[in-house]
Amino acid sequence: MSTHTDDNAERLIIKTASASYETYDLEGEVQDDMSFLSLSHDRKSGQGAYMIRMSPGAETIRHVHGRREEYLILEGDLVESDGTVLGPGDYVIYPPGSEHNSRTVDGCLLIGIDYSWSPE
């Protein structure tokens, strides 16, 4: 991962434009047409922030969310399983227990956050 530390020892800067992405496998199966960059995502707990890059024509495996999932489309298009078309600037929130999959026509870059949320 391309990171940078500076005089502020408590700060971590991730250079996402030059970072190396991993092959996407969050639903268990390796998907070669998608890649994953952990920002703060912890695979053991399934919580934290990440970036996903989807090649044109890529499609996620249908999945049920064990946690709240939120994501922001940065580039490209994303088509949800109900046909909703999303683009840059669209922010999506799925509550725990929701189920869906997504696909892209021309490619997509998004930043996502999975977490357990409590109002307290």
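Our subject is the structure listed above.
Only a predicted model underlies this, so the values are computations on that prediction, with no experimental measurement involved.

Draft legend 1. Broad picture of the sheet that holds strand β9 (residues 85-86). On the basis of which strands lie adjacent, the open sheet formed by 3 strands has the order β9-β8-β12 and antiparallel pairing. The sheet terminates laterally at β9 and β12 (102-103), the two strands that pair on one side only. Sheet topology note: the strand β8 (residues 78-80)/β12 ladder contains 2 bridges and is antiparallel. When the bridges of β12 are listed, Val79 appears paired with Arg103.

Draft legend 2. Main features of the side chain of Asp114. Positionally, Asp114 belongs in strand β13 (residues 108-115). Buried charge Asp114 goes without a salt bridge, the closest partner of opposite sign being Arg67 at 7.4 Å. At a separation of 3.0 Å, a polar atom in the side chain of Asp114 contacts the side chain of Tyr50. When sequence neighbours within four positions are dropped, the list of residues in contact with Asp114 reads Gly46, Gln47, Gly48, Tyr50, Arg67, Arg68 and Glu69.

Rules and cut-offs
- In this convention, every chain numbers its residues from 1, walking through the sequence in written order.
- Reporting of local features is limited, given that this is a predicted model, to residues whose pLDDT is at least 70; pairs of side-chain atoms are given and counted only at 80 or more, and all residues count toward the totals for whole chains, interfaces and linings.
- To get the side-chain values, all heavy atoms of the structure are used, and hydrogens and water are removed first.
- Note on pairing: DSSP must find at least two bridges between two strands before they are called paired.
- Secondary structure counts use DSSP, requiring at least four H or I residues in a row for a helix and at least two E residues in a row for a strand, with both numbered from the N terminus.
- Residue exposure (1.4 Å probe, protein chains only): buried if accessible area is under 20% of the type maximum, exposed if over 50%, otherwise partly exposed.
- Charged residues are defined here as Lys and Arg on the positive side and Asp and Glu on the negative side; His and the ends of the chain fall outside this count.
- The salt bridge definition used is simple: a Lys or Arg side-chain nitrogen within 4 Å of an Asp or Glu carboxyl oxygen.
- Two N or O atoms count as a polar contact when they lie within 3.5 Å, although within protein this holds only if one can serve as hydrogen donor and the other as acceptor, and sequence-adjacent residues are included solely when both atoms are side-chain atoms.
- Between two residues, a contact is recorded if the distance between any of their heavy atoms is within 4.5 Å.

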